[in-house]
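Structural characterization, general
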Amino acid sequence: MAALGQNLRINPDRLWDSLMDMAKIGPGIAGGNNRQTLTDADAEGRRLFQSWCEDAGLTMGVDRMGTMFLTRPGTDPDALPVYVGSHLDTQPTGGKYDGVLGVLAGLEVVRTLNDLGIRTKHPIVVTNWANEEGARFAPAMLASGVFAGVHSLDYAYGRKDPDGKTYGEELKRIGWVGEEEVGARKMHAYFELHIEQGPILEAETKQIGVVTHCQGLWWLEFTLTGREAHTGSTPMNLRVNAGLAMARIMEMVQTVAMENQPGAVGGVGQVNFSPNSRNVLPGKVVFTVDIRTPDLAKLNAMRARIEKEAAEICEALGVGCAVEAVGHFDPVTFDPKLVASVRAAAERLGYSHMNLISGAGHDACWAAKVAPATMIMCPCVGGLSHNEAEEISKDWAGAGCDVLLHAVLETAEV
Ligand code: HGY
Ligand code: MN
Ligand code: MN
Ligand code: MN
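Residues numbered from 1 in each chain as written. Chains lettered and ligands numbered in written order. Predicted model: local features only at pLDDT ≥ 70, side-chain atom pairs only at ≥ 80, totals over all residues. Heavy atoms only, no water.

So, about the coordination of the manganese ion (ligand 4). On the protein side, the manganese ion (ligand 4) has His-328 (NE2) and Asp-330 (OD) as donor atoms, found 2.2 to 2.4 Å from it. Classification of His-328 as partly exposed rests on a relative accessible area of 26%. The exposure class assigned to Asp-330 is partly exposed, which follows from its relative accessible area of 38%. (Donors = N, O, S within 2.8 Å, 3.2 Å for Na, K, Ca; no water. Buried < 20%, exposed > 50% of the residue type's maximum accessible area, 1.4 Å probe, protein only.)

The next subject is the coordination of the manganese ion (ligand 2). Taken together, His-87 (NE2), Asp-98 (OD) and His-194 (NE2) make up the protein donors of the manganese ion (ligand 2), found 2.1 to 2.3 Å from the metal. Expressed as a motif, the donor residue spacing for the manganese ion (ligand 2) is H-x10-D-x95-H. A distance of 3.5 Å spans the gap from the manganese ion (ligand 2) to the manganese ion (ligand 3), which Asp-98 bridges by coordinating each metal. Linking Asp-98 in the loop between strand E3 (82–86) and helix H3 (100–116) with His-194 in strand E5 (residues 189–195), this pair joins segments that are 96 residues apart in sequence. Both residues of the pair, Asp-98 and His-194, count as buried. (Helix = DSSP H or I, 4+ residues; strand = E, 2+ residues; numbered from the N terminus.)

Pairing within the open sheet is antiparallel, and its 4 strands lie in the order E9-E11-E7-E12. Two strands lie at the open edges of the sheet, namely strand E9 (265–274) and strand E12 (320–329), each paired on one side alone. Averaged over all pairs of adjacent strands, the angle between their axes in this sheet comes to 15°, without regard to strand direction. This element, helix H8 (residues 242–258), spans strand E7 (216–225), E9 and strand E11 (284–293) of the sheet and lies at about 170° to E9. Helix-sheet contacts for helix H9 (residues 296–317) involve E7, E9, E11 and E12, and the interaxial angle to E7 is about 10°. (Pairing = 2+ DSSP bridges. Axes fitted to C-alpha atoms, helices over the stretch in contact; angles between N-to-C directions. Contact = heavy atoms within 4.5 Å.)

Attention now moves to unusual backbone geometry. Where the residue is not glycine, phi is negative for most of them; where a peptide bond is considered, it is trans in most cases. A cis amide bond, omega -5°, links Gln-261 with the succeeding residue Pro-262. Structurally, Pro-262 can be placed in the loop between H8 and E9. The omega angle of the peptide bond from Ser-274 to Pro-275 is 15°, so this bond is cis rather than trans. Topologically, Pro-275 is positioned in the loop between E9 and strand E10 (280–281). Here the phi dihedral of Asn-276 falls at roughly 60°; this positive angle occurs in a residue that is not glycine. Take Asn-276: it is sitting in the loop between E9 and E10.

Right, let's get into the UniProt feature "binding site: Zn(2+) 2" (unreviewed entry) in the protein. Within this structure's numbering, the places UniProt gives as "binding site: Zn(2+) 2" (unreviewed entry) are Asp-98, Glu-133 and His-386. For this annotated set, covering 289 residues, all C-alpha atoms fall within 9.8 Å of each other, a compact arrangement in space. Among all residues touching Asp-98, those that are not within four sequence positions of it are His-87, Asp-89, Glu-133, His-194, Ile-195, Gln-197, Ser-385, His-386 and Glu-390. Polar contacts involving the side chain of Asp-98 include one to the side chain of His-87, which spans 3.1 Å. (UniProt positions renumbered as here; feature names shortened; annotations may be inferred. Polar contact = N/O pair within 3.5 Å; in protein donor to acceptor, adjacent residues only side chain to side chain.)

Next up on the list: the packing of aromatic side chains. Tallied over the entire structure, the rule returns 10 aromatic pairs. An angle of 85° between the planes, with centres 6.0 Å apart, marks the rings of Phe-69 and Tyr-83 as edge-to-face. Within this pair, whereas Phe-69 is found in strand E2 (residues 68–72), its partner Tyr-83 is found in strand E3, the two being separated by 14 residues in sequence. Comparing Phe-69 with Tyr-83, the two get one shared label, buried. With a centroid separation of 5.1 Å and an interplanar angle of 80°, the aromatic rings of Trp-129 and Phe-147 are classed as edge-to-face. (Phe/Tyr/Trp six-rings, centres within 6.5 Å; stacked < 30°, edge-to-face > 60°.)

Below is the structure:
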């Protein structure tokens, strides 16, 4: 392909400027972002992204989950589009690049093709998936999950945030309920550029992660029932201590993960005590265990062991124990042909690269259920993410976007 020469590259300054402009919307308190899904800040970020895309000549479609699809026509209107995207929503204390890099890199690919007057056979669709993070409305990757047929629209619309607001209500409130049936679109291929959110690429001094797989995940929500009582006057032997049970379960999850090395992780990011008063033993403790590993058998064995041992811990303390799986996907193998095109692009462009298994989950995991899909990763400083101090370099962003441009062009056919 003549167009795929060594010097075919994006404009890294323009990409970086767009990242910095988007980062001004929904600022955090420590230099990052709090642009949680379906908040007013999310709506503002959506409008900015839409305006940039329309300036680049793209036409927008929105589905009933609020996912945004911005289309650049191809020369063959019958050819299925090549999708390229990620997510603009962030964690409450999120970084400026998690998800955002992939969406704005998709736009930069289009802007570059416009600059060069390159037309592709397949249309290109830049995508902003709604609610990837799952921080406000669990589970993560909710909209792409509905798109892939993993969740029903009713299930998704009924998901509640900590204030009891539902996804459906909030999507309507911000005015982003689209007309398109979710999942009606068919993809020729799907690409997602994302920061690694781990330490490997930086430690190995590699510019590009050629992502071959993504590890699988279970989110197990435990509801423990104790007895509210005075923390001062209640003798130790009369306590029904749900808080203690939670602590022992957290310790056990750590043990299970450590006994499944290499490759497994396990932990808890969110705990809610009720009534959450300093001098009241909790009557109820709700928390979510997050376990992940690339090995499916190991993933399911870890889940079974954690649920069994949690029940034993609670029984010994007289605490009630209920558990619900609120998030799950099996380990994902990305499309070998697309993975090869990413690797070839990195080689053609002269970027150092290595194969990588994604530690974090991404919309690409669900896209891979309905189309050939793959990911490209760039390093992040100290491997830090889901932290306002998340940082990347302009060079890393540029290199990742160059590889995305080449891989998309090869697949969309110039
Ligand atoms: O949880 C995840 O892996 C992603 O950040 N939503
Ligand atoms: Mn992400
Ligand atoms: Mn994230
Ligand atoms: Mn499964």
